[in-house]
Amino acid sequence: MKKWNWKDGQRDRREQQGYTRHRGRGRYRARQWRPSRVDRNRNGDAGPSSIRSDNQASSSSSNSSAAPELPGFYFDPEKNRYFRLLPGHNNCNPLTREQLKDKEREKERARMLAEDGKATKKAPRAGLNASLILQNRHLGLLSEMSYCRRVHECRISTMRRCKLDYQSTDDIRTIVADSKCEQVFTVSDMSHGGCKYGYMSFSKSSNSGSLSVETCDNPSITDCKVNSICWASVSYPDSHVLLCLVGVVDRPSYVTLLPASLFSNTDSNQPGMHCNFKIPTAWCCAWCLHPQFDKWFSVGLSHQVVLQQAITGKKQTISVNSDVLAQQFCVRVPLLFNGCRSGEIFGLDARKHRGSKAMSFRQESSITSVRILRDENYLLAADMSGQIKLWDIRARKPIQQYRGHYNEHAHLPIHVSEPEGLLLAVGQDCYTRCWSLRDGHLLRTIPSPHPAANDAIPSVVFSSGLGGRTGVPGLLMAVKKDLYHFPYNTDETESQDV
């Protein structure tokens, strides 16, 4: 019997830890990682046939998680080997962590896009389907408001993507619908610089559940970039569009008020009032609908808030402590809510000329959008950390949070549809997410039809009657040069996975 030596014990421990002895030398080096026989037996593998079946059933994520992580290396589960991560882009064929993350995100988007195209989709809540909702309504277990909300939640999960017959030569950057969703104002980035803006009108086509698009024949072109848009009611509701334009070298920034009839194919002989206001570097704008301040609008600047009357030109300037990135007026009282870069949300009473803050509360990051609900005691706010919160203005504290939104630094809006009880937002990852406004439950995540990029973030409009009273309910999405419609499925008997 061979006598035990301490060197043999050291050699056995090195081999168990994944080291092999180099021939002709007394040194040990690390060998390429592969699952040992003990690991394969632990995972339930008994032979080559079971290994093949297991590889077909298991995903690449589980294989990559089994491999130990080495600093400076990346393990490819498909090729079953490590690759070195290069620190920069100066090499001929670099492999960086950013490229690997983009590759994984694109795989996930393609997978979700394939699932989203299926006829049968998973229900947004357990036990939620059209038959059960109707049965509970007949039994008196659901009120009329709860019944309508659950029906819309059920329809959200059945929306399917349809590409509209729309030809555009420029990338669509923003679409904004009027209060009745009869017209959609569009802003497109031109290839040689500047913007082109006009509007679209929609009508129900002969095919059930689809829309036909009509564009204006005389779009307006400018060298400036559009920073913010809102509809304005000067002559009648939604008669004008208020734009904040970012200037170029030979042209300063300004705010313009354009009549909607300027882009109409029928009312071109009656353009209406057209005004330009010398207000530099405006981040956002809002129109006041309170009768006491008729035809007033506000503009958010760097450390300033400007209130101005569109007809007389009367102006009031209020100094604040930060850049104002988002604004909206209340309807019942002349109160203006502002969201700042510092994360502060404060209200200004337009009746007080000194500009003192009526109330103030704060989120963790820069505010990108504020929306006041019909019950004006509640306000929605989104920031650049991806947080969306519902605030009780009276108590000045958040009462609901909507999780899943992704944003790091972009100025992205949120969309509220209170009759349907829905909240929608497009993240910087190009996913469109829909939540229940009441309880914050994430109902659906819609992937973008185009690969994710900073210049390919979708712009969306949601309405239960897109195109007017005879319109089709659903979601309108603009990405690059394409226009997509996600209509409601009116078939009550469609099956769902519960």
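Starting from 1, residues in each chain are numbered consecutively following that chain's sequence as written. Owing to the predicted nature of the model, reporting of local features is limited to residues with pLDDT of at least 70; listing and counting of side-chain atom pairs is limited to 80 or more, with chain, interface and lining totals taken over all residues. Values shown for side chains rest on all heavy atoms present in the structure; no hydrogens or waters enter the calculation.

Visitor: Quick question: what am I supposed to make of the pairing of strand β8 (residues 195-204) here?
Guide: Working note: regular strand, side chains alternate between the two faces of the sheet. Here strand β7 (residues 183-189) pairs with β8 via seven bridges, running antiparallel. By the bridge assignment, S188 is partnered in β8 with K196. At least two bridges found by DSSP between two strands is the condition for calling them paired. Secondary structure elements are defined from DSSP: runs of H or I of at least 4 residues count as helices, runs of E of at least 2 residues count as strands, and each element is numbered from the N terminus. The antiparallel hairpin formed by β7 and β8 contains five residues in its connecting segment, where G193 sits at a positive phi of about 105°. Pairing of β8 with strand β9 (residues 211-215), which is carried by five bridges, proceeds in the antiparallel orientation. Residue pairing in the sheet places F202 in a bridge with V213 of β9.

Visitor: I'm lost on empty space enclosed by the protein in this one. Help?
Guide: Empty pockets left among the atoms are what a rolling probe the size of a water molecule brings to light. The way it works is a 1 Å grid over only the protein atoms, where trapped points that fit a 1.4 Å probe form a cavity and open points with protein on both sides within 12 Å along at least five of seven lines form a pocket, and then any residue with an atom within 4 Å of a point lines it. Grid points are joined across faces, edges and corners, and a volume is the space filled by probe spheres set on the points. Throughout the structure, instances matching the rule amount to one cavity of 30 Å³ or more. If you add up the space inside the largest cavity, you get close to 30 Å³. Forming the walls of the largest cavity are I156, M159, L424, T432, C434, R444, I446 and L475. Where the lining of the largest cavity is concerned, the elements lending two or more residues are β27 (432-436) and β28 (442-446). Three classes are used: nonpolar for Ala, Val, Leu, Ile, Met, Phe, Trp, Tyr, Cys and Pro, charged for Asp, Glu, Lys and Arg, and polar for all others, with Gly counted as polar. Residues that form the lining of the largest cavity fall into these classes: six nonpolar, one polar and one charged.

Visitor: I'm lost on helix α5 (residues 97-116) in this one. Help?
Guide: Owing to its 3.6 residues per turn, the α-helix brings residues three or four apart onto one side. Across its 20 residues, α5 extends 28 Å between first and last C-alpha, which sits within 8% of the 28 Å expected from 1.5 Å per residue. Classification of residues uses two cut-offs on accessible area relative to the type maximum, computed with a 1.4 Å probe and protein chains only: under 20% is buried, over 50% is exposed, and between them is partly exposed. Where α5 is concerned, the buried positions are L100, R109, M112, L113 and D116. Any two residues whose heavy atoms approach within 4.5 Å at even a single point are treated as in contact. Along its buried surface, α5 packs onto β3 (73-76), β28 and β31 (482-487). One fewer than the residue count of a helix, multiplied by 1.5 Å, yields its expected span.

Visitor: Honestly, the sheet that holds strand β29 (residues 459-466) in this entry has me stumped. Any pointers?
Guide: Read across the open sheet, the four strands follow the order β5-β31-β30-β29; overall the sheet is antiparallel. The sheet terminates laterally at β5 (162-163) and β29, the two strands that pair on one side only. Direction of pairing for β29 relative to strand β30 (residues 472-479): antiparallel, over a ladder of six bridges. Residue pairing for β30: F462 is matched across the bridge by L475.

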